[in-house]
Amino acid sequence: MKLFFILLISLFLIITWTAFERFTPRAEVVFFDVGQGDSFILKTPAGKLILVDGGPDWSTLFGLGQYLPWQERTIDFVILSHGHDDHLSALPEIARRYRIKQVFLPASLQGAAVEELLAALENQGSAITYPQEPACLNLEVDCRLCIFPPSSEFLSSSDENDFSLAVNFTCGGLSLAATGDAGVKRERSLLASGLIQEVKIFKAAHHGSISANSLEFLRALAPKMMVFSVGEGNPYGHPSQEVINRAKAEGIEIRRTDQDGELLFYSNNSKLYLKND
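Here's what I pulled together on the structure shown here. (Residues numbered from 1 in each chain as written. Predicted model: local features only at pLDDT ≥ 70, side-chain atom pairs only at ≥ 80, totals over all residues. Heavy atoms only, no water.)

Some points on helix α6 (residues 184-193)
Phase 1: Among all positions of α6, only V184, R186, E187, S189 and L190 are buried.
Phase 2: On its buried side, α6 packs onto β8 (143-148), β9 (166-171) and α7 (215-221).
Phase 3: G194 occupies a position one or two residues after α6 and carries a positive phi of about 80 degrees. (Buried < 20%, exposed > 50% of the residue type's maximum accessible area, 1.4 Å probe, protein only. Helix = DSSP H or I, 4+ residues; strand = E, 2+ residues; numbered from the N terminus. Contact = heavy atoms within 4.5 Å.)

This is the structure in structure tokens:
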């Protein structure tokens, strides 16, 4: 009987601590382990949710189910960086299962998955925005989300990666930049715009490809952490060893979803932490 009560108390403490940790007001970002693709979610201390990209399959749905409380069925903002399948695939189904308040989409979207996504969004009355100019949203006190679309010079590009929406999120000690699959030319354009600020986390562009992640861009962002969202043994050679060496030479810590799995970062008293690190 004594052992039973000890086990019962231990279980109660574990559940209490898990609930306390899960629902403590703080800024968070979770990089879902979606294989060779991109998908991550941002959370503000007040609980606003921003989902960026939907990965190459339905892995993001599983990640959302694990991360969010079962009763949470609303996502405040969804941002699709660009229309490639490895960023888009789960979003139509997510739009069928979750209420989405507002969506930001890039230019020149086409294809069956896009049509499915738009139909699901229109069916639930989501606000759909195609950013034409840089814009920032003040989400709550000390929390801001900025979206940077490509300048007009890129809109005639034959490379859909050039259409990527770049994102900057700053909230309660957590700061992050992500540029989708944008290449070096877009990085130079962003640098010339004067919009780039230093951040603590940089989500490596184009899965760590050598076609992006230039030294000038890394130095301007000056991140403490660089996250590579890649699939194990992918046929593209991502991430580039040259990019990894470049980041390490700048003193940037490397994390990879193919080696580390899902990654949850949070801020506490303006300091950045990685869960279970």
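We are not done yet, so read on.
Observations concerning the sheet that holds strand β11 (residues 201-203)
Phase 1: One open sheet accounts for 7 strands, arranged β7-β8-β9-β10-β11-β12-β13; its pairing is mixed. Only two strands of the sheet have a single partner each, and these edge strands are β7 (135-140) and β13 (253-256). Ignoring which end each strand starts from, the neighbouring axes of this sheet average 15 degrees apart.
Phase 2: Note: β7 against β8, 5 bridges, orientation antiparallel. Looking at β8, one finds that N138 is bridged to R144.
Phase 3: The strands touched by helix α8 (residues 241-249) are β12 (225-228) and β13; relative to β12, the strand with the most contacts, the crossing angle is about 165 degrees. (Pairing = 2+ DSSP bridges. Axes fitted to C-alpha atoms, helices over the stretch in contact; angles between N-to-C directions.)

Structural notes on helix α5 (residues 112-124)
Phase 1: Relative to the 18 Å expected for 13 residues at 1.5 Å per residue, α5 spans 19 Å between its end C-alpha atoms, a close match to the ideal helical length.
Phase 2: For α5, the complete set of buried residues consists of V114, L117, L118, A120 and L121. Seen from one end, α5 has its buried residues packed into an arc of 165 degrees, which puts them on one side. Of the residues in α5, the exposed ones pointing more than 90 degrees away from the buried face are A112, E115, E122 and N123.
Phase 3: Elements that come into contact with the buried residues of α5 comprise α3 (85-88), α4 (91-97), β5 (99-104) and β6 (127-129).
Phase 4: Positive phi appears at G125, one or two residues downstream of α5, with a value of about 80 degrees. (Expected span 1.5 Å × (residues − 1). Arc of directions from axis to C-beta.)

What about the packing of aromatic side chains?
Phase 1: Under the definition given, this model contains 5 aromatic pairs.
Phase 2: One aromatic cluster is present, formed by F31, F40 and F265 through successive ring pairs.
Phase 3: Positioned over the ring face of Y266 is R26, at 3.8 Å from the centre of the ring.
Phase 4: The ring of F154 has R186 lying over it, and the distance from NZ or CZ to the ring centre is 5.8 Å. (Phe/Tyr/Trp six-rings, centres within 6.5 Å; stacked < 30°, edge-to-face > 60°. Lys NZ or Arg CZ within 6 Å of the ring centre and 35° of its normal.)

Description of the pattern of salt bridges
Phase 1: Considering all chains together, one arrives at 12 salt bridges under this definition.
Phase 2: The partner of R219 in a salt bridge is E250, with the nearest N and O atoms 3.2 Å apart. Of this pair, R219 sits in helix α7 while E250 sits in the loop between α8 and β13, placing them 31 residues apart in sequence.
Phase 3: Here E250 falls in the partly exposed class, since its relative accessible area comes to 31%.
Phase 4: Look at the salt bridges and you will find they share partners, linking E93, R96, R97 and E116 into a network. (Salt bridge = Lys/Arg side-chain N within 4 Å of Asp/Glu carboxyl O.)

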